[in-house]
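Working through the structure, step by step
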Amino acid sequence: MSFGLQRLVRILLAIPVVFLVALGSAYADTVEDIFERDRKYGWTEAMGIIVRARAGDAEAQYALGRGLLEGYWNVRDAKAGLEWLKKAADSDQRYAPFVLGRLYEKGEHGVSIDVDQARYWYERSFEGGGAYAARELARLSEAKSPPDVEKALSWYRRGAEAGDFECQKVLGEYYGAGFRMPLDYSQSLNWLLKAMEPRRTPHAARDVEGPQARIGFYYENGLGTARNIGEALRWYREAAGNGNADAAYALGRLYEGSENLPANPREAMKFYEAAAERDHPSAQYRLGQGFANGEGMPIDRVQAIKWLILASRWCCDMAQKKAEAELSRIKRMSTPLEIEAGKALAEAFAPIPPPSLILPIP
């Protein structure tokens, strides 16, 4: 074989090796570029993360992966970001498997959607103590065509037993509605109370007001437990304080006079007003009546007209007809100026929006 031919063979044989080496280190090139770019500025945060990540620090690997995916250092590299997140997951970083699952499920930051990969990483997250991953696995089962209901329920139950709020809430709602499982108020109350155990502090208020109101309803009506007005009041107050209009309306009803609770018109109207401001039609009707008749507050026909106009907007039920009849009665007792002022207030009304029900992502 001639020297030239031998040289050509050596070059051709070397190509796959060079290619594989380059492929294996491709994600490192971006990191090296960031490191070298930052050298001229001295020691930067990015350089510190890179050094720690290369040394095997799981939190630094997670930070580096997120940074590369989201462009923290004016550089985006989906492949490199995924590789570092996987390194973090293999180093038992708590959130990396869940984030990988979310990336593959949603196809964010340049990552292609891959449901199988999403399921794999969510399962790893759950196995590593991420109870919240169960709700994502349940949703993936529900999203199948046809939905895999049994698998979804299995994941909701596993997540609930592991302490995930959302899974506990779902089981509470399903049992309470007889949806996908037999109606069972006792089981519903059990799971809702478990969901509330770690979440009775103000910073957690945004995602608990619905379950709190439902628990109050169960205690008020003796569903799944003995009737207990004191407990009903406590849970309704928590829910109302967190922005639940139905709970505020329920408190108004109870303070108008109920078993073991003397009538307190002022308290009743205070809670009716809280619900009315959130566009609760029955509360608007009762608040309008309160202003019209001086129940727990001074008579104010302008405010009465405002709230009765708002209550009468709601159609197709007896509440609308009652509100319209009461509005007509109050108008006959009012001056033209009072009527016009009430109409103007109703037109300018802007309801308080409902509390957000979106759970934070780790």
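This text gives an overview of the structure that appears in the document. (Residues numbered from 1 in each chain as written. Predicted model: local features only at pLDDT ≥ 70, side-chain atom pairs only at ≥ 80, totals over all residues. Heavy atoms only, no water.)

1. What to know about helix H18 (residues 318–332)
The end-to-end C-alpha separation of H18 is 22 Å, in line with the 21 Å expected for 15 residues at 1.5 Å each. Those residues of H18 lying buried are Gln320, Ala323, Glu326, Leu327 and Ile330. Seen along its axis, H18 keeps its buried residues to an arc of 130 degrees; they face one direction. Counted as exposed and oriented over 90 degrees from the buried face of H18: Met318, Lys321 and Arg332. Contacts made by the buried residues of H18 are with helix H16 (281–293) and helix H17 (301–312). (Helix = DSSP H or I, 4+ residues; strand = E, 2+ residues; numbered from the N terminus. Expected span 1.5 Å × (residues − 1). Buried < 20%, exposed > 50% of the residue type's maximum accessible area, 1.4 Å probe, protein only. Arc of directions from axis to C-beta. Contact = heavy atoms within 4.5 Å.)

2. Comments concerning the packing of helix H14 (residues 245–255) against helix H15 (residues 265–276)
Following both chains from N to C, one finds H14 and H15 inclined at 160 degrees, their axes separated by 7 Å at the closest point. Regarding the angle of H14 to H15, the classification is roughly antiparallel. In the crossing of H14 with H15, the sense of the turn from one axis to the other is left-handed. Listed contacts from H15 to Ala245, Ala248, Tyr249, Leu251, Gly252, Arg253 and Tyr255 of H14 are Pro265, Glu267, Ala268, Phe271, Tyr272, Ala274 and Ala275. Class assignment for the residues of the contact of H14 with H15 results in 11 nonpolar, one polar and two charged. (Axes fitted to C-alpha atoms, helices over the stretch in contact; angles between N-to-C directions. Parallel < 35°, antiparallel > 145°, perpendicular 65-115°, else oblique. Left-handed = near helix turned anticlockwise from the far one by under 90°. Nonpolar A, V, L, I, M, F, W, Y, C, P; charged D, E, K, R; others polar.)

3. So, the pattern of salt bridges
In the structure shown here, the tally under the stated rule is 24 salt bridges. Among the ionic pairs, Arg180 bridges to Glu142, the shortest N-O distance being 2.7 Å. Here the residue Arg180 occupies a position in the loop between helix H10 (165–177) and helix H11 (185–196), and Glu142 occupies one in helix H8 (residues 133–142), the gap between them amounting to 38 residues. Shared partners join several salt bridges into a network, and the residues in it are Arg102, Glu105, Lys106, Arg135, Glu136, Arg139 and Asp164. (Salt bridge = Lys/Arg side-chain N within 4 Å of Asp/Glu carboxyl O.)

4. Thoughts on the side chain of Gln168
Mapping Gln168 onto the fold places it in helix H10. For Gln168, a relative accessible area of 6% gives the class buried. Only 3.3 Å separates the side chain of Gln168 from the backbone nitrogen of Ala195, close enough to count as a polar contact. Those residues in contact with Gln168 that sit more than four places away from it in its chain are Ala160, Gly163, Trp191, Lys194 and Ala195. (Polar contact = N/O pair within 3.5 Å; in protein donor to acceptor, adjacent residues only side chain to side chain.)

5. Here we look at the environment of Ala160
Within the fold, Ala160 resides in helix H9 (residues 149–161). For Ala160, a relative accessible area of 2% corresponds to the buried category. Distance in space between the C-alpha atoms of Ala160 and Tyr132 is 9.0 Å, their sequence separation being 28 residues.

6. Overview of the nonpolar core
With 50 residues, the main nonpolar core has Met196, Ile215, Leu233, Tyr236, Tyr255, Leu287 and Trp307 as its most contacted residues. Residue contributions to this core peak at eight residues, all from H14. Ignoring any residue separated from it by four or fewer positions in sequence, one finds Tyr255 in contact with Leu233, Arg237, Leu261, Pro262, Ala263, Asn264, Pro265, Glu267, Ala268 and Phe271. Grouped together as the second largest cluster of nonpolar side chains are 35 residues, Leu85, Leu100, Leu153 and Trp155 included. (Core = buried A, V, L, I, M, F, W, Y, C linked by side-chain atoms within 4.5 Å.)

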